Amino acid sequence: MVLNNIEKLIEKYENGETTLNEEAQLKHYFSQETVAPHLEMYKPMFNYFLLNKQEQFTKNVPLKTKKTFNYKWISVAAVAVLMLGFYLNSNVLNTNDCNELGTYCEPEQALNEVSKQLAMISNHFNKGTQSVNYLNTFEKGAATLGYLNEVENTTNIIFKK
Amino acid sequence: MTQTEFLNIVMPFKDKVFRLAKRLLVSTEEAEDATQEVLLKLWNNKTKMQEYKNVEAFSMTMTKNFCFDKLKSKQAQNLKIVHSNYEDGNTSLQKQVELNDSVNWVAKIIEDLPEQQRMIIQLRDIEEYDFDEIAKILDMNNTAVRVALSRARKTIREKLTNTHNYGIK
């Protein structure tokens, strides 16, 4: 009787007409140790389905709570920092504006310092011009070369004749 | 949506996603990658998740499409990787080596089916979805699903009978 029922179910099953409930019955029947010999070939099929259902996904999925960085706010922060920087800087300028910038507060001291620097510069400059003086001797040499032209002139005259 | 809420939604069907991916891609590693990818995509779009009527069906469709993309790109590379991880470790089958062998046969037979039939067998016989859900997941109509399922089942039975009778007849 049971076997008869199963055979009917199998036929329906193959036509794709069984309900999930009936399929469960079939699976249950074929999970038994012994089945009718002429239905033996269905056994691995249903066993496979049951087996496969147990397979699980074991890999871990890295779920990052991704915070998308908002570049708008970065620019706002940058502007704020810049403004703050300028503000502080101008404050410094207003309060003590001499020594901070590497200048002298007293005008006399400054004049002394400047003349000292200028003297040093002219000193070094003179040294440079001295070495350039040698160029004069070179010029003399070039002048003597000018005589060669005259020689050429005379040779020209000779060869014309 | 917090991580735990998300996991509560996703946990019940993540294995189904994995098995469908494995059915299509065959290799366990690739199926794992695909599952991971699908879950991450869901996570990244978690704000839209409330709008989906059926997150599970939606994810299954996503998995299907993702696997198809994978397969396509693999074909384009013209690289065929043969995987042979058929064994499903199960202790109750220890005494029946022969049966275990024929279970592997089923795996191989299913692998030879066309992709659509493979998916339908997977969704119906293994995951036990009803026809409406399968139709929705695969974007097919109800009768087409039935027809494909019936064909797939008959093919499996035929091939199994052949291997079963091999050497007898």
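Rules of the game
Residues numbered from 1 in each chain as written. Chains lettered and ligands numbered in written order. Predicted model: local features only at pLDDT ≥ 70, side-chain atom pairs only at ≥ 80, totals over all residues. UniProt positions renumbered as here; feature names shortened; annotations may be inferred. Axes fitted to C-alpha atoms, helices over the stretch in contact; angles between N-to-C directions. Helix = DSSP H or I, 4+ residues; strand = E, 2+ residues; numbered from the N terminus. Parallel < 35°, antiparallel > 145°, perpendicular 65-115°, else oblique. Left-handed = near helix turned anticlockwise from the far one by under 90°. Contact = placed C-beta atoms within 7 Å. Nonpolar A, V, L, I, M, F, W, Y, C, P; charged D, E, K, R; others polar. Buried ≥ 20, exposed ≤ 12 C-beta atoms within 10 Å, placed from the backbone. Core = buried A, V, L, I, M, F, W, Y, C linked by C-beta atoms within 7 Å. Domains from an automatic or database assignment. Expected span 1.5 Å × (residues − 1).

- By the naming in an unreviewed UniProt entry, chain B goes by RNA polymerase sigma factor and is assigned to Seonamhaeicola algicola.
- Checking UniProt for chain B, the heading Sequence similarities (unreviewed entry) contains the comment "Belongs to the sigma-70 factor family. ECF subfamily."

- Naming follows an unreviewed UniProt entry, where chain A appears as DUF3379 domain-containing protein of Seonamhaeicola algicola.

Regarding the packing of helix α2 (residues 20–30) of chain A against helix α3 (residues 42–53) of chain A
How two helices sit against one another is set out by the angle between their axes and by the gap between those axes.
Residue and element names in this part refer to chain A.
And step 1. It is the contact of α2 with α3, at a shortest axis distance of 9 Å, that shows an interaxial angle of 110°. The pairing of α2 with α3 is recorded here as roughly perpendicular in orientation. Here the hand of the crossing between α2 and α3 comes out left-handed. Taking contact as the criterion, the partners of L26, K27 and F30 in α2 are, on α3, Y42, K43, F46, N47, F49 and L50.
And step 2. For the contact of α2 with α3, the class distribution of residues is 6 nonpolar, 1 polar and 2 charged.

Notes on unusual backbone geometry
Residue and element names in this part refer to chain B.
And step 1. Within the chain, V26 stands out as a residue other than glycine whose phi angle is a positive 70°.
And step 2. Turning to its location among the elements, V26 is positioned in the loop between α1 (3–25) and α2 (28–44).
And step 3. If you check the backbone angles, D139 has positive phi at about 60° while not being a glycine.
And step 4. With respect to the secondary-structure elements, D139 resides in the loop between α6 (131–138) and α7 (142–164).
And step 5. Overall, the presence of 9 C-beta atoms within 10 Å leaves D139 in the exposed class.

Section: the packing of α1(B) against α2(B)
Residues and elements named next belong to chain B.
And step 1. Contact geometry for α1 and α2: axes closest at 8 Å, N-to-C directions at 145°. The two elements α1 and α2 meet at a crossing, and its hand is right-handed. Residues F6, V10, K14, V17, F18, A21, K22 and L25 of α1 touch α2, and the partners they reach there are T28, E30, A31, E32, A34, T35, V38, L39, L42 and W43.
And step 2. Split into classes, the residues belonging to the contact of α1 with α2 amount to 12 nonpolar, 2 polar and 4 charged.

Looking at the nonpolar core
And step 1. Grouped together as the largest cluster of nonpolar side chains are 48 residues, with contacts concentrated most on A:M45, B:A21, B:V106 and B:I120.
And step 2. Residue contributions to this core peak at 7 residues, all from α1(B).
And step 3. Each of domain 1 (1–82) and domain 2 (92–169) of chain B contributes no fewer than three residues to this core.
And step 4. Ignoring any residue separated from it by four or fewer positions in sequence, one finds A:M45 in contact with B:V106, B:I156 and B:L160.

Looking at α3(A)
Residue and element names in this part refer to chain A.
And step 1. Between its terminal C-alpha atoms α3 stretches 17 Å, which fits the 16 Å expected from 12 residues at 1.5 Å a residue.
And step 2. The element α3 is largely enclosed, with a buried count of 10 among its 12 residues.
And step 3. Where α3 is concerned, the buried positions are Y42, K43, P44, M45, F46, N47, Y48, F49, L51 and N52.

Things to note about the interface of chain A and chain B
And step 1. Between chain A and chain B, the residue contacts involve 23 residues of the former and 34 residues of the latter.
And step 2. Breaking the side of chain A that touches chain B down by element, the ones donating at least two residues are α1 (2–14) and α3 of chain A.
And step 3. In terms of residue count, the dominant contributor to the side of chain A that touches chain B is α3(A) (9 residues).
And step 4. By residue class, the composition of the side of chain A that touches chain B is 12 nonpolar, 6 polar and 5 charged.

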